[in-house]
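Reading the structure
Read off the chains here:
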2 protein chains.
Amino acid sequence: MPRMTSFTSAQLSDRALEHFWANGFHASSMDDLVKATGVSRHGIYSSFGGKKALFLSCFDRYRQSVVTPAFEVVESPDATLQDVSDYFERQISLGESVGLPGPGCFVANSATEVAPGDPDVMAEVARHNDRLHKGFVSALQNSAPHIKPQRTRELADVMVIFTNGLWTKSRTVSDGDVLREAVQSFLTLLKDTLK
Amino acid sequence: MPRMTSFTSAQLSDRALEHFWANGFHASSMDDLVKATGVSRHGIYSSFGGKKALFLSCFDRYRQSVVTPAFEVVESPDATLQDVSDYFERQISLGESVGLPGPGCFVANSATEVAPGDPDVMAEVARHNDRLHKGFVSALQNSAPHIKPQRTRELADVMVIFTNGLWTKSRTVSDGDVLREAVQSFLTLLKDTLK
DNA sequence: GGTGTAACAGAATGATTATTCTGCTACAAG
DNA sequence: CTTGTAGCAGAATAATCATTCTGTTACACC
């Protein structure tokens, strides 16, 4: 591992994210993080101040490097359910390329592992789910403009719940097609009801 | 706390379950468990051998005291989607009586908190999800006998995923009606497609 | 080349925690 | 009452781990 003669906080967060994502907060010791990031204790503490702060910074990196690239298609003003399908496909492919069973969703994992007693983490989780909800609402509206807003929101709620469940399932499944079939079945349900 | 002149393993597991469920594995120290169970270190170690073994024993207790009472209606030979709805309602009420946001599902929590690196826990999680799947399959068959088995299994998969997502959501929600609406919307989707 | 600084490796510190151990106390059986 | 035993409280042990500290090394700038 080369000396990191100059590293940005973003680079450090990126590597930390990789480790936290795969192993969780509690199972990632500072020793592990030093090895995984290639940055010395001194570097970590002077850049972030501690393990928890480093962890929180990973949410930003996760949004930028994982969520946005996959989900922005759903957030575009004219997105439809096809874009939702593309979002799932992209994340499933990512999981496959990393190797299934994969690490799931960093946010969802953090929600159950650390959020209960931690308002900071809880806020990040809420923010993420709100983002998903907004995107799904707009995709539903575009796909079926005749549906009432109230019902659109309810369906988007169900979609968020399904999404969380799906990434949880991706942690126990070795074949991406199992996830694809679930997505397919679920989206078919939705399209049936929108007709 | 009275001296536990005689306690059964099941009683000890019950109290331990309560604490593990609310706080997770990592955040429950032996000190906490001693206080929460009213059983001394000696008692715990002589009954179970250690923290991990005690934790594993809680899965049995959880099945018996939480899952079975709520889910057996779905497992009865003539169950329908109405029984599925009752299952959700019962668990939501339980959450409300404990106080929302609640601890979610003990199994689902364990899945993300400890399962990744732990085959024993992973096996318990798989067992639980298989049980849900079986129950849902049979309820679907009874509600809509004309549906092909292949499609029934796929829908049951989606239901399991939704269930996991729902109990995850119950950890961040203070109003049970939010969960009820989600269940309602989801079951409506299902019924639409079965027609 | 010399010098200062930024980052390094790894040891010391202090806190926490699972597990084991030591004596003590309540109670039941005789 | 005596004695044996089952369970108790809490101290000792040993491991782990976040954080801080100490001395060292590579590199940029003069």
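Residues numbered from 1 in each chain as written. Chains lettered and ligands numbered in written order. Predicted model: local features only at pLDDT ≥ 70, side-chain atom pairs only at ≥ 80, totals over all residues.

**With respect to the overall build of chain A**
- Along its length, chain A carries nine helices and zero strands.
- Along chain A, helices and strands appear, N-terminal first, in the series α-α-α-α-α-α-α-α-α.
- Expressed along its principal axes, the backbone C-alpha trace of chain A runs to roughly 60 × 30 × 30 Å.
- Here chain A, with 195 residues, has 39% of them falling under the buried criterion.
- Within chain A, contacts between residues at least 6 apart in sequence are counted, and of these 63% link residues at least 24 apart. (Helix = DSSP H or I, 4+ residues; strand = E, 2+ residues; numbered from the N terminus. Buried ≥ 20, exposed ≤ 12 C-beta atoms within 10 Å, placed from the backbone. Contact = placed C-beta atoms within 7 Å.)

**Details of the environment of histidine 133 of chain A**
All names here are of chain A.
- By secondary structure assignment, the location of histidine 133 is in helix 7 (residues 119-143).
- Its 16 C-beta neighbours within 10 Å are what place histidine 133 among the partly exposed residues.
- As for histidine 133 and histidine 19, which are separated by 114 residues in sequence, their C-alpha atoms are 28 Å apart.
- Those residues within four positions of histidine 133 in sequence are excluded, and the remaining contacts are Ala156, Asp157 and Val160.

**Structural notes on the relation of the copies chain A and chain B**
- Placing chain A over chain B gives an RMSD of 0.1 Å and needs a rotation angle of 180°, together with 0.0 Å of translation along the axis. Taken together, these values place the two copies in the relation of a two-fold axis. Residue glycine 165 of chain A, judged by its C-alpha, is the member of chain A lying nearest the rotation axis, at 2.1 Å.
- Interface residue correspondence from chain A to chain B reaches 100%, placing this contact among same-surface, isologous pairings. (Least-squares fit on C-alpha atoms with pLDDT ≥ 70 in both.)

**Details of the environment of valine 67 of chain B**
- If you trace the backbone, valine 67 of chain B turns up in helix 4 (residues 51-75).
- For the pair formed by valine 67 of chain B and aspartate 78 of chain B, sequence separation is eleven residues and the distance between their alpha carbons is 19 Å.

**So, the interface of chain A and chain B**
- Taken together, the 32 residues of chain A in the interface contact 33 residues of chain B.
- Counting residues per element, the ones that place at least two in the side of chain A that touches chain B are helix 6 (106-113), helix 7, helix 8 (149-169) and helix 9 (176-194) of chain A.
- Broken down by element, the side of chain A that touches chain B gets its largest block of residues, eleven residues, from helix 8 of chain A.
- Along the lines of polarity and charge, the residues of the side of chain A that touches chain B split into 15 nonpolar, ten polar and seven charged. (Nonpolar A, V, L, I, M, F, W, Y, C, P; charged D, E, K, R; others polar.)

**A look at the environment of glutamine 82 of chain B**
- Its location among the elements puts glutamine 82 of chain B in helix 5 (residues 81-98).
- In sequence terms glutamine 82 of chain B and aspartate 157 of chain B are 75 residues apart; their C-alpha atoms lie 18 Å from each other.

**As for helix 6 (residues 106-113) of chain B**
- With eight of eight residues buried, helix 6 of chain B lies mostly within the body of the structure.
- What helix 6 of chain B keeps buried is the set Phe106, Val107, Ala108, Asn109, Ser110, Ala111, Thr112 and Glu113 of chain B.
- The inward-facing, buried residues of helix 6 of chain B contact helix 6 and helix 8 of chain A together with helix 1 (9-23), helix 4, helix 7 (119-143) and helix 8 (149-169) of chain B.

**Some points on the UniProt feature "DNA-binding region" (unreviewed entry) in chain A**
- Per the UniProt record, "DNA-binding region" (unreviewed entry) is annotated on residues 29-48 of chain A.
- Helix and strand shares over residues 29-48 of chain A are 80% and 0% respectively, and the end C-alpha atoms of the span are 16 Å apart. (UniProt positions renumbered as here; feature names shortened; annotations may be inferred.)

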